[in-house]
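Reading the structure
Each chain, letter by letter, is given below.
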Amino acid sequence: MRRLTLLLVSLSVLVTGLGGGVVFSDPAGAAVPAGFTDQVIASVGSPTAMDFTPDGRLLVAQQGGSLRVIQYGLLLPTSAINLSAKLCSNFERGLLGVAVDSSFATNRYVFLYYTFNKAGDCGTATVNRVSRFVMTGNTLGSEVVLIDNIPSPAGNHNGGDLEFAKDNLLYISVGDGGCDYPGGTPSGCAGANDAARDPNAPVGKILRIDRDGGIPAANPFTGAGTGRCNNGVIATNLKCQETFASGLRNPFRMGFDPNGAAPKFHINDVGQSAWEEIDDGVAGADYGWNAREGHCATGSTTNCSTPPVGMTNPIFDYGRSDGCVTITGGAFVPDGVWPAAYEGKYLFADYGCGKIFRLDPNGSGGFNRVDFATGLGGGSAVDLTFGPWKGSQALYYTTYTNGGQVHMITTATTTAGDYNGDAKADIGVFRPSIGTWFVRNATAIAYGTNGDIPVGADYDGDGITDQAVYRPDGAGSGTGIWYVRRSTGGETVLAYGTNTDIPAPADYDGDSKADFAVYRPGSGTWFVRQSTGGESVTVYGTNGDIPVPTDYTGDGRADLAVFRPSNSTWYLRGQVPDALAYGTSGDIPVPADYTGDGKSDIAVFRPSNGTWYLRGQSLEALAYGTNGDIPVPGDYDGNGHTDFAVFRPSNSTWYMLGASPEAVAYGTSGDVPLWAMMGWIRRFFF
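Residues numbered from 1 in each chain as written. Predicted model: local features only at pLDDT ≥ 70, side-chain atom pairs only at ≥ 80, totals over all residues. Heavy atoms only, no water.

Side note on the overall build of the chain
The helix and strand inventory of the chain stands at two helices and 53 strands. Taken against the 2.2 N^0.38 rule, which gives 26 Å for 686 residues, the C-alpha radius of gyration of the chain at 28 Å falls within 12% of a compact globule. Based on the C-alpha atoms only, the size of the chain along its principal axes is roughly 95 × 45 × 45 Å. The buried share of the chain, taken over its 686 residues, is 58%. (Helix = DSSP H or I, 4+ residues; strand = E, 2+ residues; numbered from the N terminus. Rg over C-alpha atoms; globule rule 2.2 N^0.38 Å. Buried < 20%, exposed > 50% of the residue type's maximum accessible area, 1.4 Å probe, protein only.)

What about the state of the cysteines?
Following the criterion strictly, the structure yields five disulfides and no others. A disulfide bridge connects Cys 88 with Cys 122, and the sulfur atoms are separated by 2.1 Å. The disulfide joining Cys 88 to Cys 122 has a torsion of about -95° about its S-S bond and is therefore left-handed. Pair noted here: Cys 88 is in the loop between strand 6 (81-82) and strand 7 (95-100) and Cys 122 is in the loop between strand 8 (109-116) and strand 9 (127-136), with a separation of 34 residues, a long-range link. By relative accessible area, Cys 122 is classed as buried at 18%. (Disulfide = S-S within 2.5 Å.)

Notes on the packing of aromatic side chains
Evaluation of the coordinates by the stated rule reveals 37 aromatic pairs. Between Tyr 459 and Phe 516, the ring centres sit 5.2 Å apart and the planes meet at 20°, which makes this aromatic pair stacked. Placement of the pair is Tyr 459 in the loop between strand 33 (453-454) and strand 34 (467-474) and Phe 516 in strand 38 (residues 516-520), with a sequence separation of 57 residues. Take Tyr 459 and Phe 516: they sit in the same class, and that class is buried. Aromatic side chains Tyr 594 and Phe 644 sit 5.1 Å apart centroid to centroid with 15° between the ring planes, which places their arrangement in the stacked category. In this pair, Tyr 594 sits in the loop between strand 45 (588-589) and strand 46 (603-606) while Phe 644 sits in the loop between strand 49 (630-631) and strand 50 (645-648), placing the two residues 50 residues apart along the sequence. (Phe/Tyr/Trp six-rings, centres within 6.5 Å; stacked < 30°, edge-to-face > 60°.)

Structural notes on the pattern of salt bridges
Per the stated rule, a full pass over the model turns up 23 salt bridges. Residue Asp 383 pairs with Arg 253 through a salt bridge whose shortest N-O separation is 3.6 Å. Taken as a pair, Asp 383 in strand 27 (residues 380-389) and Arg 253 in strand 17 (residues 251-256) lie far apart in primary sequence, 130 residues in all. Judged by relative accessible area, Asp 383 falls into the buried class, the value being 3%. Asp 635 is the salt-bridge partner of Lys 390, the closest N and O atoms lying 3.8 Å from each other. Of this pair, Lys 390 sits in the loop between strand 27 and strand 28 (392-399) while Asp 635 is found in the loop between strand 49 and strand 50, placing the two residues 245 residues apart along the sequence. The structure contains a network of salt bridges with shared partners spanning Asp 161, Arg 253 and Asp 383. (Salt bridge = Lys/Arg side-chain N within 4 Å of Asp/Glu carboxyl O.)

Topic: the nonpolar core
With 29 residues, the main nonpolar core has Val 590, Tyr 594, Trp 612, Val 632, Tyr 636, Phe 644 and Trp 654 as its most contacted residues. Mapped onto this core, the elements with two or more residues apiece are strand 46, strand 47 (611-614), strand 50 and strand 51 (653-656). The next biggest cluster of nonpolar side chains, apart from the first, holds 22 residues, and it includes Leu 59, Leu 87, Tyr 114 and Phe 116. (Core = buried A, V, L, I, M, F, W, Y, C linked by side-chain atoms within 4.5 Å.)

Things to note about the sheet that holds strand 39 (residues 525-529)
Taking strand neighbours across the sheet as the criterion, the four strands line up as 37-38-39-40 in an open arrangement whose pairing is antiparallel. At either end of the open sheet lies a strand with only one pairing partner, and these are strand 37 (502-503) and strand 40 (535-539). Sheet topology places strand 37 next to strand 38; two bridges connect them, and they run antiparallel. Within strand 38, the residue paired with Pro 503 across the bridge is Val 518. (Pairing = 2+ DSSP bridges.)

A short note on the pairing of strand 36 (residues 491-498)
Bridge analysis of strand 35 (residues 479-485) against strand 36 gives six bridges, and the strand direction is antiparallel. Looking at the pairing, Ile 481 lines up with Ala 495 of strand 36. Counted between consecutive antiparallel strands, the loop separating strand 35 from strand 36 contains five residues, among which Gly 489 sits at a positive phi close to 110°.

Some thoughts on the environment of Lys 599
Mapped onto the secondary structure, Lys 599 falls in the loop between strand 45 and strand 46. For the pair Lys 599 and Ala 504, spaced 95 residues apart in the sequence, the C-alpha separation amounts to 18 Å. Setting aside chain neighbours within four positions, we find Lys 599 in contact with Asp 551, Tyr 552, Thr 553, Gly 554, Ala 592 and Asp 593. (Contact = heavy atoms within 4.5 Å.)

Considering the side chain of Asn 158
Tracing the backbone shows Asn 158 in the loop between strand 10 (139-151) and strand 11 (162-164). Engagement of the side chain of Asn 158 in a polar contact is seen with the side chain of Ser 152, the distance being 2.7 Å. Once residues lying within four places of it in the same chain are set aside, the contact partners of Asn 158 are Glu 92, Arg 93, Leu 96, Tyr 113, Asn 128, Ser 152, Ser 173, Val 174, Gly 175 and Asn 250. (Polar contact = N/O pair within 3.5 Å; in protein donor to acceptor, adjacent residues only side chain to side chain.)

Some thoughts on the environment of Pro 591
Relative to the assigned elements, Pro 591 resides in the loop between strand 45 and strand 46. Taking the C-alpha atoms as reference points, Pro 591 and Ala 603, separated by twelve residues in sequence, lie 5.1 Å from one another.

Observations regarding the sheet that holds strand 48 (residues 621-623)
Taken in spatial order, the four strands line up as 45-46-47-48 in an open sheet, and their pairing is antiparallel. A strand with exactly one partner marks an edge of an open sheet, and here the two such strands are strand 45 and strand 48. By the bridge criterion, four bridges tie strand 46 to strand 47 in an arrangement that is antiparallel. From the neighbouring strand, Arg 606 faces strand 47, where its bridge partner is Thr 611.

It is worth stressing that arrangement in space is one thing and function is another; only the former is reported here.
Set out below in structure tokens:
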């Protein structure tokens, strides 16, 4: 029988004591359904678990003890905390779980589940614990141990998931320890281990506590005949007050439904030799281990009668004949973020066969599993969660493949500066001297003339940026003329504006098409010709202001906004407050969605020291560039975060932080880099 349930980073040492390292390689070809994309967002060794902070930072737990931070789509070089000095990571032990408090915005709490080296030898006396930390900036400190001395005698079956639910309580999954815990009359290991059946032991259970470690009033075991198990196993005549549900072997991951008001969750319990199972999380439920495995008696595929009184069958289980042998991560699809076929569905992963499945009703009260993502490689996917992406959400998963990675699965989207439809901003320049557009890895297109201002945007709403120019003095008439070469075919020529106006195309009406618009500095007036029909004329700004229209609120519409260099203040029409001082003399405004939440952040690039400043972020200042560089932020890797990037005119080279390659020579002296706002920003600074 299989002794291990999850082959984490310590694959080199099994419970049986066998040696031999295992290295997973990149899958030959990960396959996702049409309309979806799977991509790597970071390389992180041995990533066991992850969770998002409200401001979009992704915290990733590494089995070896470090908690890493991914911010702005970048893996920060310094860990938020490193517990390796007091942690065991042999067998399946390590830093196994992370949860961000539902009230993180006010209390800054982060919770970790890790294996504590209590005896100093990482042997049978080793224990798991759950601790609370305070996050300051991107650093964790002020540890408070909430639950301690959870037995981990054999090194496997630790569970380790932490989840905050809609009841603002912390749910904890704990395995049965692989072998019976020390003390009392040991029952044995593997299928003989009955520790999950002991009501006085915090193993083989789902535990539930509040953020301070207290017992919720609605927990199923309180009052007479119960006791606290926050310091380990208690007297045999008592039941653990922390217990929410029991009878589990290795509930490695849980998945909580974000839809609806009340907590609803599934438990992915790794089987012994016959079944992998998904249980519905119900208070007081006993899922039967070690008497039951899946919907059958332990070890059997035929003795599958009605479960004994007091035991609960899984809602779904599956055998191992196809190589899928270790159920791992799980996540419900949030309403409204994916196509209707996925609405509210449960996704779950199998580490052994490298697949993610969708759980579909079978019409008879049960479920079928349907392939969602395949070919992910052995050791994938470990943890699943939905998180912020371009104002919507994407599915994130961790994998041990290729040394450890974090991936993201997204639906089709539109990216500013994407001239070829691959959802990534392209490196490109406009050469005024010959009126030609050069986009890397594409054919050069002559469109425009000397003196034109490039105003590339998606004017036809097909998800591809169109080549377009604004001619300030069209035909010598003093009238501004727009020329748009549509990616859908044809050309639009429109007289709109004057020779002193600043072109400011953006999607002001929320129909996914850029509108023709100009800002008139002399009167501080915006003229917007909406693609949905009609024109709006709005006075907002004053002479000398720089127009910075973009979607600051995440409603899908560009907001009227200006940056006033004279006092380094941003003015955002209709916002509260509508005036925000941010920047200093000489700063270049570079608003964009750096955090991936679908809202543009207030940001400036300071040429004097080559530093980017982002208002209100934990990592506010980021040095990238040098004096003379032109900021060209864009989502060059397609991960939903705007990348920090500069174009260096002195050597016509693009530098993109975190990209591979990071430096790309493209262009020549006098070229204008194709950044979404370059058309009007260059009027003031370059």
